[in-house]
Amino acid sequence: MKNNELYFIDFDKLFENYADKYYAAHEDEYDSPDDFARDLDKIYHVWATSPQDVIGGISPSEFFNRIPTSELIDILKGSCVGDNNPNSLLFDRIATEPDLLKDLIKLAETATDEKLLLVVLSLIGELGGADSMFYIDMVERDIDACVKEECIEALCDRADEVKEELLKRALAADDVGKIELYAEPLTFCEAGDDRILALLRTLLASDPNVAYVAALIGRYGDDRACADLYKLLDDCDYAEFLEIRNAIETLGGTVDNHYRDFSDDPLYQAIKGKK
């Protein structure tokens, strides 16, 4: 088998087979499969550092350590095609190569496949992350929502740094969903900015996802929004009520538990165990 064919061996399947054989040989040492599962990290380490005939008598760890750095990105792309998934040893090897950060960022800027993008974003994070504009521009792209959420999480960690750019883009956006995305990291900024408060109030009045926006307001922590939240209590379902009440209480207000009768609400009935 040629080296480039070895790169795409299903190493996860190899370990699965190894683990099955290990369990069969040591079953009497475990009280239950759950006990065995707790040992999997240790067993994985033994497998990863033990010679394997299928890869020429070297260990999986050594196999990945021998791959030239220049080939790692192409192997990563190939491992994300179809039902394939990148092996954790490949991920760990790339995560030790800081010189690959620029190549990973370039790949993320052009890739469209959800699985590949999620893996690449995770590796970029492992290697120290990209600059803030990279994540903002990724949010603008027509890519999967879960990929955008990864970028939003990165922006939340540097909220004050990107506040002005996010506000500019949020104010220019004409789509509630996009404004939501920008609003989330903005709620990690220090409370008290009138522009962020105005943006959240606008969302609260226009976004059908009332519970989510209420949670954003609670997180931001500007108690001037309490009045806006109180107005919603008379015309919301029970799920929304719980989130609105939580936000109000987070901001220092209070809401009586019996403020309204929700006995006909399906969620209320489910929580209270009523039919």
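Structure first, text after, so check above.
Draft legend 1. The arrangement of the pattern of salt bridges in detail. Counted by the stated rule, this structure contains 17 salt bridges. Across the salt bridge formed by R169 and E165, the nearest N and O atoms sit 2.7 Å from each other. Placement of both R169 and E165 in helix α12 (residues 159-172) is noted, with a separation of 4 residues, approximately one turn of the helix. For D193, the salt bridge goes to R195, with nearest N and O atoms at 2.9 Å. Owing to a relative accessible area of 11%, D193 belongs among the buried residues under this scheme. Because the salt bridges share partners, they merge into one network encompassing D137, E140, E165, K168, R169 and K178.

Draft legend 2. Representation of the packing of aromatic side chains in the model. Under the criterion given, the structure shown has 16 aromatic pairs. Consider the rings of F63 and F64, whose centres lie 5.3 Å apart with planes at 90°: the pair is edge-to-face. Looking at F63, the relative accessible area reads 6%, which means it is buried. Among the aromatic side chains, those forming a connected cluster through ring pairs are Y18, Y22, Y23, Y30 and F36.

Draft legend 3. Fine view of the state of the cysteines. Under the defined criterion, the tally for this structure stands at 0 disulfides. Not engaged in a disulfide, the cysteine C226 finds its nearest cysteine sulfur in C236; these two sulfurs lie 15 Å apart. Accessibility expressed as a relative area gives 10% for C226, which makes it buried. Under the relative-accessibility criterion, C236 is labelled buried at 8%.

Calculation rules
Position labels on residues start from 1 in each chain and follow its written sequence. Selection of residues for local features in this predicted model requires a pLDDT of at least 70, selection of side-chain atom pairs for listing and counting requires 80 or more, and totals for whole chains, interfaces and linings are taken over all residues. Side-chain numbers come from the whole structure's heavy atoms, not from hydrogens or water. Throughout this description, the term salt bridge denotes a Lys or Arg side-chain nitrogen within 4 Å of a carboxyl oxygen of Asp or Glu. Numbering goes from the N terminus for both helices and strands, where a helix is a DSSP run of H or I of at least four residues and a strand is a run of E of at least two. When a residue's accessible area, from a 1.4 Å probe over protein chains only, is under 20% of the maximum for its type it is buried; when over 50% it is exposed; and in between it is partly exposed. Pairs were defined over the aromatic rings of Phe, Tyr and Trp, the Trp ring being its six-membered one, requiring ring centres within 6.5 Å. Orientation was assigned from the angle between planes: stacked under 30 degrees, edge-to-face over 60, tilted for the rest. Counting rule for disulfides: a pair of cysteine sulfur atoms within 2.5 Å.

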